[in-house]
Amino acid sequence: MKTLFDKIWDAHVVSSVENGPTQLYIDRHFCHEVTSPQAFNGLRARGLKVFRPEKTTITADHNTPTINQDQPVKDPVSKNQLDTLSKNAQEFGINLFYPLGHKKNGVVHIIGPENGFTQPGMTIVCGDSHTSTHGAFGSIAFGIGTSEVEMVLASQCVLQTRPKTMRITFNGKLKDGVTAKDLALYMISKLTTGGATGYFVEYAGEAIRNMSMEERMTLCNLSIEMGARGGLIAPDETTFEYVKGREFAPKGEAWDKALVYWKTLKTDEGAKFDKELVFDASEIEPMITYGTNPGMGMGINESIPTLDQIDEAGRISFQKSMGYMGFEPGEKVEGKQIDYVFLGSCTNGRIEDFRAFANFVKGKKKADNVVAWLVPGSHMVVDQIKAEGLDKILTEAGFELRQPGCSACLAMNDDKVPAGKYAVSTSNRNFEGRQGPGARTILAGPLVAAAAAVTGRITDPRAV
């Protein structure tokens with residue numbers, strides 16, 4: 001009897017060292033401009049080629065500007081990284097390369113699934129911690145370091161210590177106005193940022209089965225934020241329906257054969273996990289963060305914990321985060337004025353996120369005190385937004401659509417939040433300086449972000 005994780009892992013073991021690492025074969029390797037240059041330099045220095053270039057997909061996303069993409073990139077550091085990526089892809093014969101301006105360009109964890117590169121049963125890696133996004137398809141997907149990127153390019157394998165297994169079950173249904181992002185932030189607030197360290201997590205239960213593929217991607221994306229090596233969900237009809245017909249998905253007989261295998265990808269009855277947790281999805285409210293890590297989250301109507309509610313070991317860091325955020329222990333965050341709203345990133349930059357945001361702001365107006373960055377995760381998402389007329393709804397409400405990229409998720413491009421300003425962000429990290437030096441990030445889902453954008457304050461979307 002095996003867990004889903006065990007089935008996929010065991011099918012990809014090339015060799016293993018007793019009490020040591022496993023040599024794991026990798027089915028799909030994603031690359032971007034930030035963690036790949038040193039890896040390609042390493043290949044050059046050793047006179048190596050990319051072993052299986054057709055197994056690597058490259059896109060530019062972290063450093064890309066989200067306006068005027070048809071013009072030369074102004075920032076010299078960003079330009080150098082983007083130019084180096086193009087040079088490396090060309091020199092090493094990687095044809096699945098989507099540079100700035102390409103119709104398939106976008107955030108790496110969005111273009112992978114939407115083009116059919118991501119499939120059930122695969123092992124998937126990328127030099128990016130949010131690679132766990134792809135686990136939504138029933139694959140083992142995890143982030144790797146730059147030296148490991150070089151290892152995969154050279155051998156299509158990676159050395160990994162086998163993680164422990166955890167299953168987190170969400171029974172019941174989510175309430176209206178509560179999203180997959182809220183479920184994930186709720187879970188992280190319960191486990192804290194280190195609660196799943198050393199584990200690979202399988203998500204299960206009624207609330208998970210009811211999720212669309214895009215909601216599952218949001219949940220799996222955030223697995224790393226509680227310390228997990230990755231997260232995955234058993235594939236089902238929702239998965240198969242999403243993958244079918246996409247450009248790089250199997251076709252014809254190959255599809256039929258793949259489907260037979262994919263239907264075996266579920267945890268066997270009675271299989272044992274190293275740890276099991278169960279939550280009631282109906283108890284979850286719209287969530288926000290109040291501190292400087294994703295584990296510092298609470299329901300939007302709740303108050304920040306008081307100092308005596310914090311473990312003694314965590315009080316110094318708690319007080320430091322309160323000072324950074326300009327909040328007081330025990331106070332409410334709901335109703336506080338905000339300055340920026342960011343909709344996008346590999347967490348919430350998909351078409352369903354833009355549908356939810358547009359549907360909420362329809363017939364309303366953006367608050368005058370708010371700067372809003374609405375950044376689709378890919379050109380395919382842009383095309384969907386326009387085809388559905390969402391761009392018109394957003395424009396009428398006073399919003400402007402930007403061009404695809406990682407944008408304000410991290411301060412590696414021009415979209416930086418100024419020091420001291422509050423940003424309600426649908427991204428994945430609220431560390432000090434993550435969105436710009438001194439920027440104060442409040443993580444939330446697309447509905448909470450939409451409510452903040454039209455009211456200018458932290459607002460429960462159910463009350464607008």
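Note: the structure precedes this text.
The shown structure was predicted, so the numbers you read here are calculated from the model rather than taken from an experiment. (Residues numbered from 1 in each chain as written. Predicted model: local features only at pLDDT ≥ 70, side-chain atom pairs only at ≥ 80, totals over all residues. Heavy atoms only, no water.)

Got a minute to help me understand the overall build of the chain in this structure?
Within the chain, the regular secondary structure consists of 16 helices and 18 strands. A globule of 464 residues ought to have a C-alpha radius of gyration of about 23 Å, and the chain, at 21 Å, matches this closely. Projected onto its principal axes, the C-alpha coordinates of the chain cover approximately 55 × 55 × 45 Å. Per-residue burial over the chain gives 59% buried out of 464 residues. (Helix = DSSP H or I, 4+ residues; strand = E, 2+ residues; numbered from the N terminus. Rg over C-alpha atoms; globule rule 2.2 N^0.38 Å. Buried < 20%, exposed > 50% of the residue type's maximum accessible area, 1.4 Å probe, protein only.)

What exactly am I supposed to notice about the nonpolar core here?
One broad trend across soluble globular proteins is that nonpolar side chains are buried collectively. Core analysis: the biggest nonpolar cluster contains 73 residues, and I168, F170, M187, Y203, L219 and M226 have the highest contact counts within it. In terms of residues, this core owes the most to one element, helix α6 (residues 180-191), which gives 8 residues. Not counting residues up to four positions away in its chain, the partners in contact with L219 are L183, A184, M187, Y203, I208, M211 and I233. One finds V333, I351, A423 and A449 within the second-largest nonpolar core, a separate group that totals 60 residues. (Core = buried A, V, L, I, M, F, W, Y, C linked by side-chain atoms within 4.5 Å. Contact = heavy atoms within 4.5 Å.)

Help me understand the sheet that holds strand β16 (residues 371-374), please; the structure alone is not making it clear to me.
Hydrogen bonds between backbone atoms are what pair the strands of a sheet, whose relative direction is either parallel or antiparallel. As summarised here, the arrangement of the 4 strands in space is β16-β15-β17-β18, forming an open sheet in which the pairing is parallel. Because the sheet does not close on itself, it has two edges, and the strands there are β16 and β18 (440-443). In this sheet, adjacent strand axes meet at a mean angle of 20° when their direction is disregarded. Where strand β15 (residues 340-343) meets β16, 4 bridges bridge the pair, whose relative direction is parallel. Its bridge partner lying in β16, L343 is registered against L374. Its contacts with the sheet place helix α11 (residues 315-325) against β17 (422-425) and β18, and it is angled at close to 105° to β18. (Pairing = 2+ DSSP bridges. Axes fitted to C-alpha atoms, helices over the stretch in contact; angles between N-to-C directions.)

Would you explain helix α2 (residues 37-46) in this entry?
Think of an α-helix as 3.6 residues a turn; residues three or four steps apart then line up on the same face. Turning to α2, its buried residues number three or more, namely P37, A39, F40, G42 and L43. Contacts made by the buried residues of α2 are with β4 (56-59), α3 (76-91) and α5 (146-155).

Would you mind going over the sheet that holds strand β12 (residues 275-280) with me for this structure?
Within the open sheet, the 4 strands sit side by side as β11-β10-β9-β12. Their pairing is parallel. Both edges of this open sheet fall to β11 (230-232) and β12, since each of them pairs with a single strand only. Neighbouring strand axes in the sheet, compared pairwise and without regard to direction, differ in orientation by 25° on average.

Is there a simple way to think about the side chain of T459 in this case?
Its location among the elements puts T459 in the segment after α16 (446-455). A polar contact of 2.7 Å, which involves the side chain of T459, links it to the side chain of T455. Residues contacting T459, with those up to four places away along its chain left out, are I300, V448, A451 and V464. (Polar contact = N/O pair within 3.5 Å; in protein donor to acceptor, adjacent residues only side chain to side chain.)

I tried to follow the packing of α2 against α5 on my own but got confused; where do I start?
Angle between the axes and distance between the axes are the two parameters that describe a pair of packed helices. Packing of α2 against α5 brings their axes to within 8 Å, and their N-to-C directions diverge by 55°. Taken together, the axes of α2 and α5 are oblique relative to one another. Once α2 is placed against α5, the crossing between them reads as right-handed. On α5, the residues that touch Q38, A39, F40, G42, L43 and R46 of α2 are T146, V149, E150, L153 and A154. The residue inventory of the contact of α2 with α5, partitioned by class, reads 6 nonpolar, 3 polar and 2 charged. (Parallel < 35°, antiparallel > 145°, perpendicular 65-115°, else oblique. Left-handed = near helix turned anticlockwise from the far one by under 90°. Nonpolar A, V, L, I, M, F, W, Y, C, P; charged D, E, K, R; others polar.)

How should the packing of α6 against helix α8 (residues 213-221) be read in this particular structure?
Running from N to C, α6 and α8 point in directions that differ by 25°, and their axes come no closer than 8 Å. Considered as vectors, α6 and α8 are oriented roughly parallel to each other. Crossing of α6 against α8: the hand is right-handed. Contacts from A180, K181, L183, A184 and M187 of α6 reach α8 at E215, T218 and L219. For the contact of α6 with α8, the residue count by class is 5 nonpolar, 1 polar and 2 charged.

Mind showing me how you'd approach unusual backbone geometry here?
With the exception of glycine, the majority of residues adopt a negative phi angle, and the majority of peptide bonds are in the trans configuration. Unusually for a residue other than glycine, N19 sits at a positive phi of about 60°. Of note, N19 is situated in the loop between β1 (13-16) and β2 (22-25). Among the residues examined, N19 registers a relative accessible area of 83% and is labelled exposed. Notably, T192 is not glycine yet its phi reads approximately 70°, a positive angle.

Explain the pairing of strand β3 (residues 28-31) to me, please; I cannot follow it from the model alone.
Residues in a regular strand point their side chains to alternate faces of the sheet. Every second residue of β3 is oriented toward a common face, with R28 and F30 on one face and H29 and C31 on the other, all of them buried. As judged from the 3 bridges shared by β3 and strand β6 (residues 123-126), these two strands associate in the parallel manner. Paired with H29 across the strands is V125, a residue of β6. As judged from the 3 bridges shared by β3 and β4, these two strands associate in the parallel manner. Residue pairing for β4: H29 is matched across the bridge by T56. This β-α-β element, β3 to α2 to β4, shows right-handed connectivity. (Right-handed = clockwise from strand over helix to strand, strands pointing away.)

Sorry if this is basic, but what is going on with the environment of L100 here?
Topologically, L100 is positioned in the loop between β5 (97-98) and α4 (108-114). The exposure class assigned to L100 is partly exposed, which follows from its relative accessible area of 24%. Linking L100 and N19, residues 81 residues apart in sequence, is a C-alpha distance of 44 Å. When sequence neighbours within four positions are dropped, the list of residues in contact with L100 reads A60, T64, P65, Q69, V73 and N105.

That's the geometry; what it means functionally is another story.
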